[in-house]
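Structural characterization, general
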Amino acid sequence: MIWETVRLALLSIRRNALRSVLTLLGIVIGVAAVIAMITIGSGTTEKVKADISKLGSNLLVVRAGGAPQPGGPRIQAKELRAREVQALVDGIPEARAIAAASQKQVRIVSGTDSLSVLVTGSDPGYFIARDWGVALGREFTDQEVRGNANVCLVGETVRSQFFGAGDPLGLAVRVGRMSCTIIGILESKGFSGFGQDQDATVLMPLTTFQRRIAGNRDVDTIYISGTDGTPMAEMQEKVEDILRETRRITADKDDDFSVRDMTQIAETMASATTVMTGMLGALAGVSLLVGGIGIMNIMLVSVTERTREIGIRLAIGAQERDILVQFMVEATVLSLIGGLIGIALGMSLAGLASATMSIPFAPSLPVIALAVGFSGAIGMVFGFFPALRAARLDPIDALRHE
Amino acid sequence: MAHPLVRFDQVWKTYGSGEARVDALAGVDLTIGRGEFVAIMGPSGSGKSTAMNIIGCLDTPTRGRYFFMNVDAGGLDRSRRALLRNLYIGFVFQGYNLLARTTAVENVELPLIYRGVPGRQRRRLALEALDKVGLTGREGHTPAELSGGQQQRVAIARAIVTSPTLLVADEPTGNLDTARSQEIMELLTGLNREQGLTIAMVTHEADIAAHAGRIVTFVDGRIASDEAKMEAA
């Protein structure tokens, strides 16, 4: 009986092919939007998590300037210097690596090509702390850092833009007003979750950077990396104590620096994107609702059009229930078809987006199941009222209907 | 026969109220026995269609009682009357009322679907019914591909496929020419004589009514005459 009804529903959907397609469109767009939003959103969440873990795990990041108080001005503070770095190296022997780093956006030139990149000056600990390996060539040494050597490593984007398939090792590149010899290629990190090309970069010894690029002795950031299983909260406290002491901050003053645990930040960021995904999904859900109203509208038209048919069915012994089921099945089948097309469309959109934005394609089975269930439910809910109207028709009036 | 198939007991059917009040039926007593072929005649507005709807359990009296198979059908709710129609009553309408874009055999199967008859048996019964009305070979045609007379035959097949006790026919020849009308009436008369099918038929044409064994004429909601034909008895 139910198969009979489904077959009948498909038949009547096919009879009004154009109208059915237009009605479906609402559900298709709604479901596709929900699926695409949630799939792209969870891909982004994964990407953000991966990006931040690429900064290095078990990583503390120290910067000058206190954490801004809500509503208050950012605390002015003196820059970090080599003194603080040395104090940390002495005070935290259990750290896996401590790296001081400074950064600046600089235009680099090779031959006739030029490119604006992020230039970082640091020390060999940077490779460990940032968990960033060398694809080709070598890292710079402590000796080169001490000697302000004009050497650098370049990112994958710089290599491909300037040298194509050629081997750039030993060649020189102009960074700002200085020239440095390329000793290595950094491993590719791809785009960050914020759309930044992390491979458009140059890495050189901190001393060289301070002298030739920045023109000062400031340190922007100190990375402190712990080993696996290091209690990061404990280490963070220790870092704060050492810095307060070194910078002579009295007990009644706030910190004029910040120490951040990257793992915590990763979690915060991930939960923020999850919330965003949820909100976008909910927004897309509204269009599903609109699609549902479209179905109700068309089912009401269909009931009116088929009043005579309903009359015939009632006269020859169909129960109210039979008519109700028939129209509800029709609405449900209609919106389920829309749901399935919507899923296919949404997945393709998400696949396309993940390919172009280089985020992971993260299809979620529960979300797909939910979309199918939801579109079916929409058919039932919005089909119920028109179906009830059909079932309650008086057979005599219905038969007289032209 | 312990009881008649159809019995009206002082049936009134009233529409509207106050000034606009119309009595479509005004205290009608009528009985139809099993195996009878009754033609119901009368001018439009005489109440014959209302009587027909009540006989077919599509409608209920405002006052009085209507018994079908000794059941107080006038007092039954919608779903029970739907069940009575499905089990015991077949309908033939003036406008054929076949489902468009649905083949003849599928149209005939329709009442069986609502009875829950399984597919294969349904098809067999439907083909048998089409055979009885002389439409073998047209099973796969849709109403648009059939002539008026053929469509009415499909409608009759649909009415008799459930082996009903009563066939209710509302102007079955109203849309047909004389020759086609004659054929349909012969078909109905045959079903009445050979299968003992009780038929109640509304018509306003005297020569069509002449095929019936009994003619009941309504005027102003009352039965004006009720004559049994001698040679039919």
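Described in the following lines is the structure provided in the data block.

About the cut-offs
Residues numbered from 1 in each chain as written. Chains lettered and ligands numbered in written order. Predicted model: local features only at pLDDT ≥ 70, side-chain atom pairs only at ≥ 80, totals over all residues. Helix = DSSP H or I, 4+ residues; strand = E, 2+ residues; numbered from the N terminus. Buried ≥ 20, exposed ≤ 12 C-beta atoms within 10 Å, placed from the backbone. Pairing = 2+ DSSP bridges. Axes fitted to C-alpha atoms, helices over the stretch in contact; angles between N-to-C directions. Core = buried A, V, L, I, M, F, W, Y, C linked by C-beta atoms within 7 Å. Contact = placed C-beta atoms within 7 Å.

1. Description of the overall build of chain B
Counting its regular elements, chain B contains seven helices and 10 strands. Going through the 233 residues of chain B one by one, you find that 48% of them count as buried.

2. Re the sheet that holds strand β3 (residues 37-41) of chain B
Residues and elements named next belong to chain B. Taken in spatial order, the six strands line up as β6-β7-β8-β3-β9-β10 in an open sheet, and their pairing is mixed. Either end of the sheet is taken by a strand with one partner, and the two such strands are β6 (89-92) and β10 (222-228). The sheet shows a mean angle of 15° between the axes of neighbouring strands, direction not considered.

3. Looking at the nonpolar core
In terms of nonpolar packing, the biggest core is built from 120 residues, with A:Ile35, B:Ile40, B:Ala157 and B:Ala200 touching the most fellow members. For this core, the element with the most residues is helix α2 (residues 17-54) of chain A, which contributes 13 residues. Within the second largest apolar cluster, 53 residues are counted, among which are A:Ala129, A:Leu153, A:Leu186 and A:Val239.

4. Some details on the sheet that holds strand β1 (residues 6-15) of chain B
Residues and elements named next belong to chain B. Across the sheet, which stays open at both edges, the four strands sit in the order β2-β1-β4-β5 with antiparallel pairing between neighbours. This sheet does not close on itself; its edge strands, each paired only once, are β2 (22-32) and β5 (71-72). Judged from the five bridges that link them, β1 and strand β4 (residues 63-68) form a sheet pairing that is antiparallel. Across the sheet, arginine 7 pairs through a bridge with phenylalanine 67, a residue of β4. Along the sheet face, helix α1 (residues 48-55) touches β1, β2 and β4 and points at about 55° away from the line of β2.

5. Some thoughts on unusual backbone geometry
All names here are of chain B. Despite not being glycine, tyrosine 96 shows a phi value in the positive range, around 65°. Tracing the backbone through its elements, the reader meets tyrosine 96 in the loop between β6 and α3 (104-115). On the basis of neighbour count, tyrosine 96 is assigned to the buried category, with 23 C-beta atoms found within 10 Å. One non-glycine residue with positive phi stands out, namely glutamate 171, at about 45°. Turning to its location among the elements, glutamate 171 is positioned in the loop between β7 (166-170) and α6 (178-195). Glutamate 171 sits in the buried class, given 20 other C-beta atoms within 10 Å.

6. Some remarks on helix α2 (residues 78-88) of chain B
Looking only at α2(B), the buried set comprises B:Arg81, B:Ala82, B:Leu84, B:Arg85, B:Asn86 and B:Tyr88. Of the surrounding elements, those touching the buried residues of α2(B) are α10 (307-315) of chain A together with β4, β6, α3 and β7 of chain B.

7. Focus on the pairing of strand β1 (residues 59-64) of chain A
Residue and element names in this part refer to chain A. Summarising the sheet, β1 and strand β9 (residues 221-225) pair through five bridges and their orientation is antiparallel. Looking across to β9, one finds that leucine 59 is bridged to serine 225. Looking at chain direction, β1 and strand β10 (residues 257-261) are connected through five bridges and run antiparallel. Looking at the pairing, arginine 63 lines up with serine 258 of β10.

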